[in-house]
Amino acid sequence: MSPILSLTDVTLVHGDGEETVTALDKVSLEVSPGELVAIVGPSGSGKSSLLAVAGALTTPTSGTVRLADHDLGTSSPRELARIRRDQIGFVFQSGNLVPALTSYDQVRLPLTFGKVSDPRDPAELLAEVGMDHKAKRRPHELSGGERQRVGIARALVTRPHLLLVDEPTAALDRQRSQDIVGLLAREAHEHDVAAVMVTHDHDVLHHCDRVYEMIDGRLNAVATSTD
Ligand code: ADP
Ligand code: MG
C-alpha cells in the first residue's frame, strides 16, 4: 500500500548562530495505512520534533514531508491548518482533555471546529474505546487510562489518515499501558489509520508493526522479535 506519510531526508535545526541544535538529522520514514510504527529513544533525541514535523506543526530546515497528496513544504499556512484539522489526529501524554467537558463532548469537540465530511459517531467511538458507560463524566472523574481512551476517541472522530501519539503510557501502570497501546494498534489496523507512536516503554513494542530508534536526531530501524 502506498504510504500516507513520507519523510525524506528531513533535517530540523533549532536556533541560529552558535547556539544551534540539530533535532532531526536526515530522517526518512514512510508510514502506510493500517500500521502502528513505534519510535523509541532517549530524552532529547528528537522524537517530539519528528511528530511536530509529521503533524505539520513545524516546518523542517530541509527535506520533504508528504502527507497523502500534499507536499507540506509547498502548502500555505491555511492549507496546513486544514490538513491538521482534517487528516491528523494527535494524542498526548495525559490525554489533554478540557476540564469542563464530558467524555462525549470531548470526543465531539473536533467536529465543532468546521465542516467534517465523514465524521465518526462520537457515541459509537466512545463504545469502541470502552468508555460509553462514562460518556457523561468529566476528566476529574476518570482514571489516567480512561482519560487516555477518551483522548484517543477524540483524535479519531474526524477519521484522520494519520494518528500521531506522544508518550501515551507515560502516566499509566503496566496493565493499562498494554490496554492503551493494544487499542491504538487495533484502531490503526481496523480503520486503516497510519499511526506513529513515540514511547519510552519497551514492554508495549510487541503491539507495534515496526520499531525505530532515535539517537541524536538520527532514525534507525530496530529488528523486532517477530521479524
Ligand atoms: P525528545 O522528544 O526525544 O525528548 P525533542 O524533539 O523534544 O526530543 O528535542 C530534540 C532536541 O531539540 C533537544 O535538544 C531539544 O532541547 C531541542 N529542541 C526541541 N524543541 C526546540 C525548540 N523549539 N527550540 C530549541 N530547541 C528545541
Ligand atoms: Mg518528547
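Starting afresh in each chain, residues are numbered from 1 along the sequence in its written order. Key to labels: chains lettered from A, ligands numbered from 1, both in the order written. Totals for whole chains, interfaces and linings use all residues, but because this is a predicted model, local features are given only for residues with pLDDT of at least 70 and pairs of side-chain atoms are given and counted only at 80 or more. Only heavy atoms go into the side-chain values, all of them from the structure, while hydrogens and water stay out.

Visitor: Hey, could you go over unusual backbone geometry for me, with residue numbers and the actual values?
Guide: Of note in the backbone geometry, D9 takes a positive phi value of approximately 50 degrees without being a glycine. Looking at the element boundaries, D9 is found in strand β1 (residues 5–14). Look at A68: it is not a glycine, yet its phi comes out positive at around 50 degrees. Per the convention used, a helix needs a DSSP run of H or I reaching at least four residues, while a strand needs a run of E reaching at least two, with both numbered from the N terminus. Mapped onto the elements of the fold, A68 is located in the loop between β4 (62–67) and β5 (70–71). Judged by its relative accessible area of 23%, A68 falls in the partly exposed class. The buried label applies to any residue whose accessible area, calculated with a 1.4 Å probe on protein chains only, is under 20% of its type's maximum; exposed applies above 50%, and partly exposed to all values in between.

Visitor: Please set out the environment of A52 residue by residue, giving values where relevant.
Guide: Among the secondary structure elements, A52 is positioned in helix α1 (residues 47–54). Remark: the alpha-carbon pair of A52 and V37, spanning 15 residues in sequence, is separated by 16 Å. Throughout, a residue-residue contact means that at least one pair of heavy atoms, one from each residue, lies within 4.5 Å. Ignoring sequence-local partners within four residues, the contact set of A52 consists of L57 and T58.

Visitor: How would you summarise the site of ligand 1 if you had to cite specific residues and measurements?
Guide: Being near a molecule or strand, for a residue, means having at least one of its heavy atoms within 4 Å of it. What surrounds ligand 1 is the set H14, V21, A23, P42, S43, G44, S45, G46, K47, S48 and S49. N or O atoms within 3.5 Å of each other form a polar contact, as long as, within protein, one can give a hydrogen and the other can take it, and as long as residues adjacent in sequence are counted only when both atoms are side-chain atoms. Backbone polar atom of S45 to an oxygen atom of ligand 1: 3.2 Å apart, as the coordinates give it. At 2.8 Å, a side-chain N or O of K47 approaches an oxygen atom of ligand 1. Listing elements by their share of the shell around ligand 1, those giving two or more residues are β2 (21–31) and α1. A class-by-class count of the residues in the shell around ligand 1 yields three nonpolar, seven polar and one charged. For this scheme, ten residues count as nonpolar: Ala, Val, Leu, Ile, Met, Phe, Trp, Tyr, Cys and Pro. Four count as charged, namely Asp, Glu, Lys and Arg, and the remainder, Gly too, count as polar.

Visitor: Break down the nonpolar core for me, with residues and values.
Guide: In these notes, a set of buried Ala, Val, Leu, Ile, Met, Phe, Trp, Tyr and Cys residues joined through side-chain atoms within 4.5 Å is what counts as a nonpolar core. By size, the foremost hydrophobic cluster in this structure holds 34 residues, and its most contacted members are L36, V107, V150, I152, L163, L184 and M197. Looking at this core, the elements with two or more residues in it are β3 (36–40), α4 (122–128), α5 (144–156), β7 (162–166), α6 (174–191) and β8 (194–198). Ranked by the residues each element gives to this core, the list is headed by α6, at six residues. If sequence neighbours within four positions are ignored, M197 has contacts with L36, V37, A38, I39, V165, P168, V181, L184, V204 and C208. Of all hydrophobic cores here, the second largest spans 31 residues; its members include V53, V65, L162 and L164.

Visitor: Any details on the packing of aromatic side chains? Residues and values, ideally.
Guide: Here a pair means two rings of Phe, Tyr or Trp (six-membered ring of Trp) with centres within 6.5 Å. Their orientation is stacked below 30 degrees between planes, edge-to-face above 60, and tilted elsewhere. Applying the stated criterion across every chain yields a total of one aromatic pair. Look at F90 and F92: their rings are 6.2 Å apart centre to centre, the planes differ by 5 degrees, and that puts the pair in the stacked class. The exposure class of F92 is partly exposed, given its relative accessible area of 35%.

Visitor: Explain the environment of V198 to me, using residue names and the numbers behind them.
Guide: Tracing the sequence through the fold places V198 in strand β8. Filtering out sequence-adjacent residues up to four positions away, V198 remains in contact with I39, K47, L51, V165, D166, E167 and P168.

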